[in-house]
Amino acid sequence: MTRLLTILCLLVMSTASAGDEIVRKQLVDANLLYVVPDAGGNDDFHTGKMLVIGYSYYFKPWLAATASLLLTEEIPEKPQTDVAGDYRGIIETQAIILGIRPEYAFSARNKVYARAGVLAYQTELQVEQYFASGLPNGTTSDDTNGFGYMVAAGWAHNFTRRFSLQVELNYMVQSDLFDVSPDSFDLTSSGGGLGFAYAF
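Predicted, not measured: the structure shown is a model, and the values here were computed from it. (Residues numbered from 1 in each chain as written. Predicted model: local features only at pLDDT ≥ 70, side-chain atom pairs only at ≥ 80, totals over all residues. Heavy atoms only, no water.)

### Side note on the layout of surface pockets
The criterion, for reference: Here a cavity is any set of points on a 1 Å grid over the protein atoms alone where a 1.4 Å probe fits but cannot get out, and a pocket is any open set with protein on both sides within 12 Å along at least 5 of 7 lines; a residue lines the site when it has an atom within 4 Å of a point. Grid points are joined across faces, edges and corners, and a volume is the space filled by probe spheres set on the points. Secondary structure elements follow DSSP: runs of H or I of four or more residues count as helices, runs of E of two or more count as strands, with numbering from the N terminus.
Of the pockets and cavities examined, the second largest pocket occupies roughly 240 Å³. Lining the second largest pocket are 18 residues, with Ala39, Asp43, Phe45, Glu77 and Leu125 positioned closest to its centre. Elements represented by at least two residues in the lining of the second largest pocket include exactly strand S6 (85-105), strand S7 (110-131) and strand S10 (185-199). It is S6 that contributes the most residues to the lining of the second largest pocket, four residues altogether.

Here it is as structure tokens:
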């Protein structure tokens, strides 16, 4: 009987360990970030919202391969004035990101992590024009796509083995928007926010 109990205990411990390993194999998360775009000129963009939905697969306990979908709302710049009247630009971006996520657990419920990856983006730029009296107002728009990169750093707190809260700082570069020299430019976005993750 003692031998049987010992075998049963070992089986339970083995099952629990396997369960823990499964929990750490995959992760899905969603982060809502507040970011400020910067095109490097005289523009002055407002703060806008960016949603990043990600999937991570752990091939080591501390390192995962990631794939993410990024969506921003329409983010306007502050109006500017020229000889014809006022105008402002509005940008909106969608992107796919492939990268890695290293992390370090410094307690049973807390860990720090980083993200780094390359992205393929599609961005729409609208220009709203408000001309002087007597001239019609108008809006023009154009799309551009290309590549860039994103890096991030964050802290995660586990409520349970599966659910966790994430706090993240994020920096993104979209290279060569409207790649027609000399009008192309890089668009950077930086900010931070909160998210939730589910491990399985």
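### Some thoughts on empty space enclosed by the protein
In plain terms, the rule: Asp, Glu, Lys and Arg are counted as charged, while Ala, Val, Leu, Ile, Met, Phe, Trp, Tyr, Cys and Pro are counted as nonpolar; the rest, among them Gly, fall into the polar class.
Taken as a whole, this structure holds two cavities of 30 Å³ or more when the rule is applied. Put simply, the largest cavity is a space of about 80 Å³. Along its surface, the largest cavity is lined by Val52, Thr66, Ser68, Ile97, Gly99, Arg115, Ala116, Gly117 and Met150. Put simply, the parts of the chain that give the lining of the largest cavity at least two residues each are strand S3 (63-72), S6 and S7. With three residues, the single largest contributor to the lining of the largest cavity is S7. Tallied by class, residues from the lining of the largest cavity come to four nonpolar, four polar and one charged. Each pocket or cavity is described by its volume, and for the second largest cavity that value is around 50 Å³. Lining the second largest cavity, in full, are Val35, Pro37, Met50, Thr72, Ile75, Ile91, Thr93, Met172, Gln174, Leu187 and Ser189. Secondary structure elements with two or more residues in the lining of the second largest cavity: strand S1 (26-38), S6, strand S9 (163-177) and S10.

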